[in-house]
Structure formats: structure tokens, C-alpha cells
Amino acid sequence: MKIFFEGKENLRKLFTLTLLISTLFLASCGKSPENQIVKDVNVNSSLEDGDVYVSFSSVFKIGAVSMTSIQLPIVDPRDSSIKYGEISFKPTLEPGHNEIGFKFNLTASSEVQGGYGTLPNGEDLPISGFGSTEIIELKIDKINSKLYLAFGKNHTLLGFAVVIKEFDVVGDAIPGANIFLGFDIKGVQGMAGLFSSQEEMQSGLGFFLDLSSVVSNDIINDIIDKKPITPEVFAQMQENVTMESITRMTTGDQEPLFTDVNASRRNLKKLNKAFKKLGKRKVNYARKD
């Protein structure tokens, strides 16, 4: 396999990605590896004009990579003129830390036809336990990325997969490297990690979490059954789910919902070894065809 890079800028990206892998995955051999990737998580719900909205923001540490500040619409996969919300990406003042946030209409998006969900590289989603539940995929136009929803019996899954061009080098070295680490931050359970492909613009960052700590099952059931939700009912439901979440956090009575995927010590070392070899290669300054 020949890897071609054009100019000093792409050489910089090569070493940036080498640092990225060390940050994301070598740290996973230590204590609380998920905290090396996900630095903070904030999830909230609100009722606006009878519809339930979910707002999310999280800070990710991804080596020296700095995301471009941009805001994009979340649209219907079959009709891009139908907008369900917006997602934003922006760097923070701390180097290597980037914030991803979005707000979308949970009520309206629940009506989108579900199906079999996949990552942008075509691989299965790194989740289980939802049985035959169909996955709703919402498009993030222009960057080949997706937002996911799945309404299970006891839990509601929310996730996204963001394609990052600088991650293409991961796919060149190790195609299909889907490695995810589970986390529990402030009572919010989820998993974060990396997916890759040999194809351009099919590698990036994936993130999945359980919404049960911020949206009650009663609200989800009312949304599915298309029952109207009044401000009074919404406030009572949210008070109940908040108390349940606090109880789980203080008592520790919460079974992990997400487990590590392909994150064995052997796989992590193999991935790091490949990047070290890639970093020692002679760099050819030519356009990649």
C-alpha cells in the first residue's frame, strides 16, 4: 500500500493523527479510558409548542485536531427540505478539545421511517440490546454524517457519527478499525470511539448515549403513541426522571448499558503499532489519486 501526502500540511496531519491515536487509545489501557476521549456531557430536554426537543453538548479530546467552527442542519433522509434541528462543531480554547452540540425535535423525528442503521463506513452500529428495534437515521448534509435514534422498551438510544477528513489516514492504515469505549459521566451512560474505512470521507468519530436519564419512558411512549404533552405533564415527568437519575447516581444502582467494542489490549497495541510504522514511512509529496 502506498500512502501519498501533498505538502507540509498533510505531513503535519500525519503526525497529528499519530498523536490522536496515542491520546484516544493508548490511554485506554489505564484507569477510566473513556474520560480520555469524552471530557464532558450535557443533555437536556424541553417542551416547545407541544414538541419535545433534546439538546446535547459534549467536549471531546481528539489529539491535536482542531475542528472548523460550523453549524449544519439535521434533515430527513428522504427529503432534505424537512429540517429537524441543527448540529454544531467548534474548537475550544484548550488545544485538542472540541465541542460538538446539537438540538433537534425528538417528537417530529420519531415519525421518520426506521430501518437498519449503519456507520458511514458501512459497518454495523457498535450497540446491542435493542432487539428488532429499527434505527432512525437523520442526515447531516455536506459531511456524510448521521444522527441516530432508537426507541427501545426501557431505553432510548441517541447517537451520531461524524466524518472527519483528517481521519482518512486511519482508514488507509487500518480499514474497518471500529473501536469504541463505554462511559458513565454524571449519570449519563454511553460510548465513544473511532470508525474507519479505506474510502475517503468514511472515517471519523462515533458517539452513542442513553436518553433515559433526561427523558422519561412515559414521555417517549406518549411521543410514540402521538399523545399530546402539556407543560404540566412534561414538568411532572421530568421531575420524576430527574429524581430517578439522582438516585441511581448516589446509590450506584445502575447496570452498565454500553460495553467496550473491539477495545482489547491486543487491538489497541496493534492499532498503535500500525501508526508508528506509518509515521516512519517515507513521505511522498504527490496528490493521492
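Residues numbered from 1 in each chain as written. Predicted model: local features only at pLDDT ≥ 70, side-chain atom pairs only at ≥ 80, totals over all residues. Heavy atoms only, no water.

## Details of the overall build of the protein chain
Note the threshold: Counting from the N terminus, the helices are the DSSP runs of H or I reaching at least four residues and the strands are the DSSP runs of E reaching at least two. When accessible area is computed with a 1.4 Å probe and restricted to protein chains, residues below 20% of their type maximum are described as buried, those above 50% as exposed, and intermediate ones as partly exposed. The contact definition used throughout considers only heavy atoms, calling two residues in contact when any of these lie within 4.5 Å.
A count of helices and strands for the protein chain gives seven helices and 13 strands. Within the protein chain, the proportion of its 289 residues that are buried is 49%. A separation threshold of at least 6 residues defines the contact pool for the protein chain, and within that pool the share at least 24 residues apart is 63%.

## Structural notes on the sheet that holds strand 4 (residues 70-75)
Formally: Whether two strands pair depends on DSSP finding at least two bridges between them. Every axis in this analysis is a line fitted to C-alpha atoms, fitted for helices over the stretch in contact. Angles between the N-to-C directions lie between 0 and 180 degrees.
Taken in spatial order, the eleven strands make up an open sheet running 2-3-6-5-4-7-8-9-12-11-10, and their pairing is antiparallel. Looking at the sheet topology across the chains shown, the edges are occupied by strand 2 (38-48) and strand 10 (179-185). Taken over all neighbouring pairs, the strand axes of this sheet differ in orientation by 20° on average, direction set aside.

## Observations concerning the packing of aromatic side chains
For any pair of aromatic rings, geometry is given as the distance between the ring centres together with the angle between the planes. Note the following rule: Here a Phe, Tyr or Trp ring, Trp counted by its six-membered ring, pairs with any other such ring whose centre lies within 6.5 Å, and the pair is stacked when the planes are under 30 degrees apart, edge-to-face when over 60, and tilted otherwise. By definition here, charges over rings are those cases where NZ of Lys or CZ of Arg is within 6 Å of the ring centre and within 35 degrees of the ring normal.
Scanning the model with the defined rule gives eleven aromatic pairs in all. Taken together, the ring pairs connect Phe56, Phe60, Phe102, Phe104, Phe160, Phe183 and Phe207 into an aromatic cluster. The cationic tip of Lys103 hangs over the ring face of Tyr53; the distance from NZ or CZ to the ring centre is 5.3 Å.

## Here's the deal with the side chain of Ser203
Convention followed: Under this definition, polar contacts are N or O atom pairs within 3.5 Å; protein pairs additionally need one hydrogen-donor-capable and one acceptor-capable atom, and for neighbouring residues in sequence, both atoms have to be side-chain atoms.
Positionally, Ser203 belongs in the loop between strand 11 (188-195) and strand 12 (204-210). Residue class for Ser203 comes out buried when judged on its relative accessible area of 0%. Engagement of the side chain of Ser203 in a polar contact is seen with the backbone nitrogen of Ser197, the distance being 2.9 Å.

## Comments concerning the nonpolar core
Short version of the rule: Nonpolar cores were defined as sets of buried Ala, Val, Leu, Ile, Met, Phe, Trp, Tyr and Cys residues, with membership established by side-chain atoms within 4.5 Å.
Within the largest apolar cluster, 51 residues are counted, with the highest numbers of intra-cluster contacts made by Leu106 and Phe207. Formed by 13 residues, the second largest nonpolar core is a distinct cluster that contains Leu157, Ala161, Met191 and Phe258.

## Here we look at the confidence of the model for the protein chain
Definition in use: Each residue carries a pLDDT score, the predictor's own confidence in it, on a scale running from 0 to 100.
Scored by pLDDT, the protein chain comes out at a mean of 75, with 68% of its residues at no less than 70. Helix 3 (residues 106-109) holds the highest mean pLDDT among the elements of the protein chain, 94, whereas strand 13 (residues 284-285) holds the lowest, 26. Taken as a whole, residues 13-35 scores under 50 in pLDDT and shows 50 contacts with residues more than four places along the chain or in a different chain.

## Re the environment of Gly96
Looking at the element boundaries, Gly96 is found in the loop between strand 5 (83-91) and strand 6 (97-105). In sequence terms Gly96 and Ser66 are 30 residues apart; their C-alpha atoms lie 5.9 Å from each other.

## So, helix 5 (residues 217-224)
Test applied: The arc under discussion is defined with respect to the helix axis, by the directions toward the C-beta atoms.
Turning to helix 5, its buried residues number three or more, namely Ile219, Ile220, Asp222 and Ile223. All buried residues of helix 5 lie within an arc of 160° about the axis, which places them on one face of the element.

## Points about the pattern of salt bridges
Think of it this way: side chains of opposite charge can pair up when their charged atoms draw near. To keep things clear, this is the line we draw: Within this document, salt bridges are pairs made up of a side-chain nitrogen of Lys or Arg and a carboxyl oxygen of Asp or Glu, the two lying within 4 Å of each other.
Applying the stated rule across the entire model yields four salt bridges. Among the ionic pairs, Glu86 bridges to Lys83, the shortest N-O distance being 2.8 Å. Residue classification places Lys83 among the partly exposed residues on the basis of a relative accessible area of 48%.

## With respect to the pairing of strand 7 (residues 136-140)
Strand 7 sits mainly inside the fold: four of its five residues count as buried. As judged from the two bridges shared by strand 4 and strand 7, these two strands associate in the antiparallel manner. Note on strand 7: the bridge partner recorded for Val75 is Lys139. Here five bridges tie strand 7 to strand 8 (residues 145-151), and the two strands are oriented antiparallel to one another. Paired with Glu137 across the strands is Tyr148, a residue of strand 8. Here strand 7 folds back onto strand 8 in antiparallel fashion, the turn holding four residues, of which Lys142 has a positive phi close to 80°.

## Regarding unusual backbone geometry
Here Asn144, not a glycine, exhibits a phi torsion of approximately 50°, which is positive. Here Asn144 lies in the loop between strand 7 and strand 8. Of the residues examined, Asn144 reaches a relative accessible area of 40% and is grouped as partly exposed. Located in the positive-phi region is Lys226, a residue other than glycine, with phi close to 60°. Its location among the elements puts Lys226 in the loop between helix 5 and helix 6 (231-251).

## What to know about the pairing of strand 12
Most of strand 12 is tucked away: seven of the seven residues are buried. Of the pairings in the sheet, the one linking strand 9 (residues 156-163) to strand 12 comprises seven bridges and is antiparallel in character. Residue pairing for strand 12: Leu158 is matched across the bridge by Leu209. With six bridges joining them, strand 11 and strand 12 adopt antiparallel strand pairing. Across the sheet, the residue bridging to Phe195 is Gly204, located in strand 12.

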